[in-house]
Amino acid sequence: TYTEGMNLGGTTDTSQRIAVIRAEGNPIATFNLSEIDVAKVKVGQKATIKLDSLTDKTFTGKVATVDRVGSVTSGVTNYPSVIKFDTEATEVLANMSATASIILDSKDDVLLIPSAAIRVLNGQNTVRILKNKKEESVIVETGLTSDTQTEILSGLTEGDEVITSSTTGTGATRQGTSSSP
């Protein structure tokens with residue numbers, strides 16, 4: 001019988017492989033959050049993970065832990081967060097480089113416009129639209145935002161022609177949206 005710490009091979013030759021220990025289950029990945037993002041991240045939030053070495057695949061997972069103490073390196077505070085993959089992935093190996101996008105909030109069936117179309121006028125969000133071939137400015141209430149799109153809660157209807165610059169932009173459309181740090 002063998003006990004913990006015993007030499008399995010009976011020899012001290014470390015170049016000979018005697019056993020391979022395989023971890024079962026879904027992989028986990030650790031990411032450092034900035035002090036700006038850590039307050040927004042909670043256990044259970046969904047995430048997408050891309051690995052530098054597996055460029056053709058995107059994995060999904062959930063935030064398993066968030067370190068609220070953090071560590072300071074060269075004057076920068078990082079807060080480690082662990083994301084557990086949703087599925088087993090044998091191609092994911094220890095110490096691979098990865099990037100994660102944590103989904104802070106999401107909604108379905110929302111009205112979206114390009115964020116560039118929104119202007120602030122006297123403290124109110126406005127959007128220029130084409131109505132009866134004339135430019136018109138309307139006040140809008142915004143919701144969730146992503147890197148490129150903004151949810152419109154009121155002020156526009158699906159199909160309105162939104163002006164994003166000096167030329168006519170795309171119409172307002174209904175889609176799902178999410179925001180990430």
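In short, a report on the structure. Everything quoted here is computed from the prediction, not taken from an experiment.

This next bit is on the layout of surface pockets. Roughly 420 Å³ of volume is contained in the largest pocket. Lining the largest pocket are 20 residues, and of these Pro27, Ala89, Val92, Leu93 and Ala94 lie nearest its centre.

It is worth spelling out unusual backbone geometry at this point. Not every positive phi belongs to a glycine, and Ser74 is a case in point at roughly 55°. A positive phi angle is found at Lys133, which is not glycine, with a value near 65°. Assessed through its relative accessible area of 83%, Lys133 is described here as exposed.

The next subject is the pairing of strand S1 (residues 28-33). Of the two faces of S1, the one holding Ala29, Phe31 and Leu33 is buried and the one holding Ile28, Thr30 and Asn32 is not buried anywhere. Direction of pairing for S1 relative to strand S5 (residues 76-85): antiparallel, over a ladder of six bridges. Residue Phe31 lies in a different strand from S5, and its bridge partner there is Ser81.

Thresholds applied
- Residues numbered from 1 in each chain as written.
- Predicted model: local features only at pLDDT ≥ 70, side-chain atom pairs only at ≥ 80, totals over all residues.
- Heavy atoms only, no water.
- 1 Å grid on protein atoms, 1.4 Å probe; cavity = no way out; pocket = protein on both sides within 12 Å on 5 of 7 lines; lining within 4 Å.
- Points joined across faces, edges and corners; volume = space filled by probe spheres on them.
- Buried < 20%, exposed > 50% of the residue type's maximum accessible area, 1.4 Å probe, protein only.
- Helix = DSSP H or I, 4+ residues; strand = E, 2+ residues; numbered from the N terminus.
- Pairing = 2+ DSSP bridges.

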